[in-house]
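Each chain is listed here by its residues.
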Amino acid sequence: MGDIIIRTAQSDDAESLARIYQYYVKHTAITFEYDAPDAAEMNARREKILEHYPYLVAEKDGRVLGYAYAHEFYGRAAYGWSVESSIYVDKDARKLGIGRRLYDALEAALRKMGILNINACIAVPRTDDDPYLTNGSVAFHKRLGYEMVGTFHQSGYKFGRWYDVAWMEKILGEHPEKPAPVKDFDRF
């Protein structure tokens, strides 16, 4: 996978972002959205995130194979050093190391910005035989150094069943008494 390029998502990636995400909306409980957004909506979301935070894609031979981004954690000034992250890899490109490469690049960008905490909200199946969800996302985040910090029970309803939601976190840096202000993501 050495010829994978990690770069900032551009407007002409919107179709690819929508294609990748559509699978997860329609066939999994990884996301709790019921209706897959189109390319225009995905582009609008990308633009909003890029006003302050990184939105990255993994590309190979001109094809976008995955994306990861971070966004505001809660909308209060005191949370300014924390973000929530999301990642989606093309269903046919999973388990090739793309997710790790995306998250490594995302974390590097966040560190440069001065972000200290990354939080991940992850859907969790309530049974071992769930046809729409596994514990793969939790395992992936654990391999990357995230720690479980809590679970909300039966918080999401999709495909006629209830799902738990786990929160995991990764600390990126020291938490000084007077932290420097966070910088906006530099796209270039």
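Structure report, in brief. These numbers come from a predicted model, not from an experiment.

1. Here's the deal with the overall build of the chain
- Broken down by element type, the chain carries four helices and seven strands.
- The helix and strand sequence of the chain, counted from the amino end, reads β-α-α-β-β-β-α-β-α-β-β.
- Over its C-alpha atoms the chain spans a radius of gyration of 16 Å, differing by no more than 12% from the 16 Å that the globule rule assigns to 188 residues.
- In terms of principal-axis extent, the alpha carbons of the chain reach across some 45 × 40 × 30 Å.
- The buried share of the chain, taken over its 188 residues, is 44%.
- By sequence separation, contacts in the chain at least 24 residues apart represent 69% of the contacts at least 6 residues apart.
- Here the chain has roughly 10400 Å² of accessible surface; of this, 49% comes from carbon and sulfur atoms.
- The distance from the centre of the 25 positive side-chain charges to the centre of the 28 negative ones in the chain is 3 Å.

2. Some words on a nonpolar patch on the surface
- Where nonpolar side chains cluster on the molecular surface, the patch consists of Y34, Y157 and W162 and spans about 370 Å² of accessible area.
- Relative to the helices and strands, Y34 resides in the loop between α1 (14–27) and α2 (39–50).

3. Here we look at unusual backbone geometry
- One non-glycine residue, D61, adopts positive backbone phi at about 50°.
- In this model, Q154 sits at a positive phi of 45°, which is unusual for a non-glycine residue.
- Structurally, Q154 is set in strand β6 (residues 147–158).
- On the accessibility criterion, Q154 (41% relative accessible area) is partly exposed.

4. Some remarks on the pattern of salt bridges
- Scanning the entire structure with this criterion turns up 13 salt bridges.
- Note that R7 is salt-bridged to D13, the shortest N-O span being 2.8 Å.
- A relative accessible area of 4% places D13 in the buried class.
- We note a salt bridge from E107 to K170, for which the minimum N-O separation is 2.9 Å. Here the residue E107 occupies a position in helix α3 (residues 98–113), and K170 occupies one in strand β7 (residues 161–171), the gap between them amounting to 63 residues. Take E107 and K170: they sit in the same class, and that class is buried.
- Connected via shared salt-bridge partners are R7, D13 and E59.

5. Here's the deal with the sheet that holds strand β3 (residues 63–72)
- In space, the seven strands of this open sheet follow the order β1-β2-β3-β4-β5-β7-β6, with mixed pairing throughout. A strand with exactly one partner marks an edge of an open sheet, and here the two such strands are β1 (5–8) and β6. With direction set aside, neighbouring strand axes in the sheet form an average angle of 25°.
- Examined bridge by bridge, strand β4 (residues 82–89) and strand β5 (residues 117–124) share three bridges and lie parallel to one another. When the sheet's bridge partners are listed, V83 is paired in β5 with I118.
- Sheet contacts for helix α4 (residues 136–143): β4, β5, β6 and β7; angle to β5, the most-contacted strand, approximately 155°.

Conventions we followed
Residues numbered from 1 in each chain as written. Predicted model: local features only at pLDDT ≥ 70, side-chain atom pairs only at ≥ 80, totals over all residues. Heavy atoms only, no water. Helix = DSSP H or I, 4+ residues; strand = E, 2+ residues; numbered from the N terminus. Rg over C-alpha atoms; globule rule 2.2 N^0.38 Å. Buried < 20%, exposed > 50% of the residue type's maximum accessible area, 1.4 Å probe, protein only. Contact = heavy atoms within 4.5 Å. Areas by Shrake-Rupley, 256 points an atom, 1.4 Å probe, with all protein chains shown as cover. Lys, Arg positive; Asp, Glu negative; His and termini not counted. Charge placed at Lys NZ, Arg CZ, Asp CG, Glu CD. Patch = residues over 30% accessible without salt bridge, like charges linked within 9 Å, V, L, I, M, F, W, Y side chains within 5 Å. Salt bridge = Lys/Arg side-chain N within 4 Å of Asp/Glu carboxyl O. Pairing = 2+ DSSP bridges. Axes fitted to C-alpha atoms, helices over the stretch in contact; angles between N-to-C directions.

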